[in-house]
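Structural description and commentary
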Amino acid sequence: ANPQPPAETLTVMGAGLVGCLLALYLARHGHSVELFERRPDIRGEAKVEARSINLALSDRGWKALEGVGIAEAVREVAIAMNGRMMHGTDGQLTFQPYGQDGQAIYSVSRAGLNRRMLDLVEQQPGIRVQFDQHCQRVDLRRKQLEMRDETTGEARIQPFQRLFGADGAYSAVRGAMQRTDRFNYSQQYLDYGYKELTIAAGPKGSWPLEKHALHIWPRGQYMMIALPNLDGSFNCTLFFPYEGANSFAALQTPAQVRSFFAEHFADALPLMPELETEFFANPTSSLVTVRCFPWSHADDVLLLGDASHAIVPFYGQGMNSGFEDCAVLAELLGEHGSDWPRIMRRFETMRKPNTDAMADLAVYNFYEMRDRVADPRFLLQKKIEGKLAAQYPAQWLPLYSQVTFSQIPYAEALANGQAQEQVMQRLMPHIQAEADYERPEVQALVAAEMARRS
Ligand code: FAD
């Protein structure tokens with residue numbers, strides 16, 4: 001009989017959100033996994049992050065977490081956000097539900113989630129995780145990694161058999177692939193940066209704003225958002241132009257920051273006692289969309305998560321789509337065993353159109369959140385869409401719900417959403433107020449549109 005080939009070790013680069021989930025899925029399919037992470041172990045006592053950063057987790061992410069049995073543990077530390085709470089310049093609040101009753105997206109701490117996943121990774125037989133391991137270069141031809149130990153400064157060569165790049169938007173694994181023939185790559189920056197700020201907890205850890213909402217201060221050319229934390233505080237993100245009259249470049253002193261917030265975010269300012277300190281201490285970070293193809297190299301290297309498709313954060317889908325990558329790959333592992341050439345080919349051809357669509361949707365949502373959500377006509381359109389969805393549930397699912405509360409492939413969701421937007425463009429000229437939806441002539445138009453769609 002033929003001797004068994006030696007068991008293959010799979011190497012995962014990056015123990016961020018996607019790398020950890022991927023390692024869990026691979027190990028549960030019986031593979032032996034070596035996981036490398038550049039940073040120190042974030043669970044160490046001394047390394048508690050100064051700032052809490054949270055992310056919105058939605059259905060695709062939950063489904064992928066369920067696949068390795070960790071959704072329940074995450075749910076315990078997640079806060080449901082049932083809709084958007086818009087804050088007008090006059091302090092007026094407008095609430096817009098995200099979906100049907102009971103549907104929500106969930107605010108989770110990035111560090112908390114990553115820590116929980118690292119605990120599971122360490123408990124999982126078959127995974128070996130090593131921290132402070134910085135991949136500096138990948139030699140694709142020799143199948144070698146140039147690693148640097150960040151604690152000792154020592155460099156070494158580490159061979160790999162099969163490599164998964166989950167090392168984020170500035171991936172070293174992708175960097176090596178970018179130098180191979182016929183590798184397509186693009187990166188596109190917005191003229192906007194972002195800065196993380198904090199709304200402090202109220203007395204006795206109470207929430208000074210509605211807890212179960214994602215708060216938005218839409219201001220046309222810029223906006224601020226806030227997501228709730230478990231301790232009563234909110235993590236705010238200011239999305240702001242780099243240059244121009246209202247921009248990071250224009251706010252150079254604490255007094256300028258204070259007076260800007262007093263004018264444009266008046267209801268938030270009293271809740272931000274550390275504003276000026278944070279504004280100058282926290283970095284201004286950029287917003288990039290990365291696209292590339294292929295995602296695999298010679299059947300033994302594969303990119304996942306932000307390494308292959310980093311997107312701007314306005315749909316709250318970056319992590320969710322990276323998690324969905326892991327679930328899709330696991331399904332292919334179930335179907336094709338260890339036929340890696342086939343798995344990699346199918347994975348990249350299935351996922352690429354969907355993550356491209358998601359990248360477009362994310363940029364689109366930036367404009368929607370920044371200026372359209374402050375427009376009464378747009379809000380009316382959303383309400384009418386809600387009525388359409390309630391009246392014709394089999395034929396109409398709002399685009400946001402398709403992306404956030406369903407598993408419909410992103411590319412299909414985008415196409416459906418564009419077709420639905422055209423219907424709305426035809427209906428809205430006949431509608432001036434919510435009640436107009438019930439008028440017989442409008443109902444006749446709606447019925448005709450629905451007949452066309454079915
Ligand atoms: P990363 O999280 O970047 O992890 C990569 C890991 O690899 C890191 O641990 C890193 O240290 C390690 N690494 C990198 N290079 C090397 C190297 N050379 N050697 C060894 N290790 C390395 N997504 C959502 O779904 N919902 C949201 O609400 C949301 N909000 C966001 C808000 C902002 C402001 C931003 C910027 C992003 C947001 N995202 C959101 C997107 C989300 O953060 C990313 O999509 C997600 O973190 C991608 O996970 P990843 O594991 O692929 O990459």
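Presented here is a report on the structure given in the accompanying data block. Since the model is a prediction, treat every value here as computed from it, not as a measurement.

Rules of the game
- Residues numbered from 1 in each chain as written.
- Predicted model: local features only at pLDDT ≥ 70, side-chain atom pairs only at ≥ 80, totals over all residues.
- Pairing = 2+ DSSP bridges.
- Helix = DSSP H or I, 4+ residues; strand = E, 2+ residues; numbered from the N terminus.
- Axes fitted to C-alpha atoms, helices over the stretch in contact; angles between N-to-C directions.
- Left-handed = near helix turned anticlockwise from the far one by under 90°.
- Contact = placed C-beta atoms within 7 Å.
- Nonpolar A, V, L, I, M, F, W, Y, C, P; charged D, E, K, R; others polar.
- Core = buried A, V, L, I, M, F, W, Y, C linked by C-beta atoms within 7 Å.
- Buried ≥ 20, exposed ≤ 12 C-beta atoms within 10 Å, placed from the backbone.

1. A word on the sheet that holds strand 11 (residues 155-159)
Across the sheet, which stays open at both edges, the three strands sit in the order 9-10-11 with antiparallel pairing between neighbours. For this open sheet the edge positions go to strand 9 (133-139) and strand 11, each flanked by a neighbour on one side alone. Between one strand and the next, the sheet's axes are offset by a mean angle of 30°, whatever the strand orientation. Bridge analysis of strand 9 against strand 10 (residues 144-149) gives six bridges, and the strand direction is antiparallel. When the bridges of strand 10 are listed, V138 appears paired with L145.

2. Digging into the packing of helix 2 (residues 59-66) against helix 9 (residues 318-336)
Packing of helix 2 against helix 9 brings their axes to within 8 Å, and their N-to-C directions diverge by 40°. The crossing of helix 2 and helix 9 is left-handed. Facing R60, G61, K63, A64 and L65 of helix 2, the residues of helix 9 in contact are M319, N320, S321, F323, E324, C326 and A327. Across the contact of helix 2 with helix 9, the residue classes tally to six nonpolar, three polar and three charged.

3. Quick look at the nonpolar core
Note on soluble globular proteins: their nonpolar side chains tend to be buried together. Counting 108 residues, the largest nonpolar core has L21, L22, A23, V173 and C326 as the members making the most contacts within it. Looking at this core element by element, the count peaks at 10 residues for helix 1 (residues 17-28). When near neighbours in sequence (up to four residues on either side) are disregarded, C326 contacts V18, L21, L22, Y25, A64 and L304. With six residues, the next largest nonpolar core counts I384, L388, L397 and I431 among its residues.

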